[in-house]
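Architecture at a glance
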Amino acid sequence: MAEVKICGLREPAHVTAAVAAGARYLGFVFFPKSPRAVSGSEAAALTTDLPVGVAKVGLFVDPSDALLTKVLDAVALDIVQLHGHESPARVAEVKALTGLPVMKAVGISGPEDLVLLTEYGVAADLLLVDAKPPKGADLPGGNGLAFDWRLLVGRRWLRPWMLAGGLTADNVAEAVRLTGAPAVDVSSGVESAPGVKDSARIGAFCRAARG
Ligand SMILES: O=C(O)c1ccccc1N[C@@H]1O[C@H](COP(=O)(O)O)[C@@H](O)[C@H]1O
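For clarity, every value in this text was computed on a predicted model and none was experimentally measured.

1. Details of the overall build of the chain
Per the secondary structure count, the chain includes seven helices and 10 strands. Taking 211 residues into account, the globule formula puts the C-alpha radius of gyration at 17 Å, and the chain, at 16 Å, falls close to it. The C-alpha extent of the chain, read off along each of the three principal axes, is 40 × 40 × 35 Å. Intrachain contacts of the chain at a sequence separation of at least 6 include 55% that bridge at least 24 residues. As displayed, the chain has an accessible area near 9300 Å², and 56% of this comes from carbon and sulfur atoms. Across the chain, 21 positive and 22 negative side-chain charges occur, with their mean positions spaced 3 Å apart.

As structure tokens, this is what we get:
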């Protein structure tokens, strides 16, 4: 059984579906190029009535201090997710600026990338182990691409972590079994089209991940 983060929420019905299905983390994308992007005030409106224990995660890609401050003035996030090329030093700066736990996404395509998880484990509070985006991709994540999960077998890091990248209701149980991931993060795999979440797919994914 793994905890679930549903990322890229934009509609109240999908927030409701995620919470009803037992998701522990809800992700809101503050990256204008994404089809899932929302503003701080839109995220605030989507999360007025969340039950205790459901965390609001703000996804940023190489954010300026000004963007972080603007979003946090509008919505009380619980976790900042950094999904760009932020260095370990920048992760520490963001943590100090926001006063929030920071989850750093690390893209994996081969065994040579795994060392980054150790390096980022010093500054970050959580690690997000995602597929490395293809060269030239518009988005650094949210592409529905998986990596070879066998790379993670038997590995442990300094911090709690989530598995992401191309997860769906059909493959998430196997991904968790193989990697031992304590939590999983999904965006494309619970959509009917890029940026369009689907309540039935959210429910099926949570059931499959939570066992
Ligand atoms: O979802 C997005 O639009 C996005 C944009 C920029 C960076 C990351 C993004 N999403 C994150 O990517 C992973 C994997 O997503 P998918 O399930 O393969 O579509 C996930 O952590 C999302 O939070």
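2. Re the packing of aromatic side chains
For the coordinates displayed, the defined rule picks out two aromatic pairs. The lysine or arginine in question, Lys-104, covers the ring of Tyr-120, its NZ or CZ lying 5.2 Å from the ring centre.

3. Some points on the sheet that holds strand S4 (residues 79-82)
The eight strands are arranged S1-S2-S3-S4-S5-S6-S7-S8 in a closed barrel whose pairing can be described as parallel. Along the sheet, successive strands turn relative to each other by an average axial angle of 25 degrees, direction set aside. As judged from the four bridges shared by strand S3 (residues 55-60) and S4, these two strands associate in the parallel manner. Pairing of Gly-58 across the sheet is with Val-80, part of S4.

4. Structural notes on the nonpolar core
By size, the foremost hydrophobic cluster in this structure holds 56 residues, and its most contacted members are Ile-6, Phe-30, Phe-147, Leu-163, Val-184 and Phe-205. In terms of residues, this core owes the most to one element, helix H7 (residues 199-210), which gives four residues. Tyr-25, Ala-55, Ile-79 and Ala-183 belong to the second largest nonpolar core, which has 11 residues in total.

5. Thoughts on the UniProt feature "domain: N-(5'phosphoribosyl) anthranilate isomerase (PRAI)" (unreviewed entry) in the chain
With numbering matched to this structure, UniProt assigns "domain: N-(5'phosphoribosyl) anthranilate isomerase (PRAI)" (unreviewed entry) to residues 4-206. Each end of residues 4-206 is marked by a C-alpha atom, and these two atoms are 7 Å apart; helix forms 31% of the span and strand 22%.

6. Observations regarding the pairing of S4
Within a regular beta strand, the side chains point alternately toward one face of the sheet and then the other, so they alternate between its two faces. Of the two faces of S4, the one lined by Ile-79 and Gln-81 and the one lined by Val-80 and Leu-82 are each fully buried. Handedness of the β-α-β unit built from S3, helix H3 (residues 65-74) and S4 comes out right-handed. Sheet topology note: the S4/strand S5 (residues 102-108) ladder contains three bridges and is parallel. Among the inter-strand pairings, Val-80 is bridged to a residue of S5, identified as Val-102.

7. Overview of the site of the ligand
Looking at the ligand, there are 25 residues lining it, with Ser-34, Arg-36, Gly-142, Asp-185 and Ser-188 nearest. For the ligand, an oxygen atom lies 2.6 Å from a polar atom in the side chain of Ser-34. The contact in question runs from an oxygen atom of the ligand to an N or O atom on the backbone of Ser-187, over 2.9 Å. Burial of the ligand by the protein amounts to 99% of the accessible area it has alone, namely 510 Å². Those elements that place two or more of their residues in the shell around the ligand are strand S1 (3-7), strand S6 (126-131) and strand S8 (183-186). Class assignment for the residues of the shell around the ligand results in 10 nonpolar, 11 polar and four charged.

8. Some points on the packing of H3 against helix H4 (residues 88-98)
Where H3 meets H4, the axes come as close as 11 Å, and the angle between the chain directions of the two elements is 35 degrees. Judged by the twist between their axes, the crossing of H3 over H4 is right-handed. Residue-level contacts link Asp-65, Leu-68, Thr-69 and Leu-72 of H3 to Arg-90, Val-94, Leu-97 and Thr-98 of H4.

9. Some thoughts on unusual backbone geometry
The phi angle at Asp-62 is positive, at roughly 45 degrees, despite the residue not being glycine. Note on placement: Asp-62 falls in the loop between S3 and H3. By relative accessible area, Asp-62 is classed as partly exposed at 40%.

10. Quick word on the pattern of salt bridges
One pass over the full model with this rule turns up 14 salt bridges. Among the ionic pairs, Arg-24 bridges to Glu-3, the shortest N-O distance being 3.4 Å. Of this pair, Arg-24 sits in the loop between helix H1 (12-20) and strand S2 (25-29) while Glu-3 sits in strand S1; the two residues are 21 residues apart in sequence, bridging distant segments of the chain. The exposure class assigned to Glu-3 is partly exposed, which follows from its relative accessible area of 22%.

What counts and how
Residues numbered from 1 in each chain as written. Predicted model: local features only at pLDDT ≥ 70, side-chain atom pairs only at ≥ 80, totals over all residues. Heavy atoms only, no water. Helix = DSSP H or I, 4+ residues; strand = E, 2+ residues; numbered from the N terminus. Rg over C-alpha atoms; globule rule 2.2 N^0.38 Å. Contact = heavy atoms within 4.5 Å. Areas by Shrake-Rupley, 256 points an atom, 1.4 Å probe, with all protein chains shown as cover. Lys, Arg positive; Asp, Glu negative; His and termini not counted. Charge placed at Lys NZ, Arg CZ, Asp CG, Glu CD. Phe/Tyr/Trp six-rings, centres within 6.5 Å; stacked < 30°, edge-to-face > 60°. Lys NZ or Arg CZ within 6 Å of the ring centre and 35° of its normal. Pairing = 2+ DSSP bridges. Axes fitted to C-alpha atoms, helices over the stretch in contact; angles between N-to-C directions. Core = buried A, V, L, I, M, F, W, Y, C linked by side-chain atoms within 4.5 Å. Buried < 20%, exposed > 50% of the residue type's maximum accessible area, 1.4 Å probe, protein only. UniProt positions renumbered as here; feature names shortened; annotations may be inferred. Right-handed = clockwise from strand over helix to strand, strands pointing away. Near = heavy atom within 4 Å. Polar contact = N/O pair within 3.5 Å; in protein donor to acceptor, adjacent residues only side chain to side chain. Nonpolar A, V, L, I, M, F, W, Y, C, P; charged D, E, K, R; others polar. Left-handed = near helix turned anticlockwise from the far one by under 90°. Salt bridge = Lys/Arg side-chain N within 4 Å of Asp/Glu carboxyl O.

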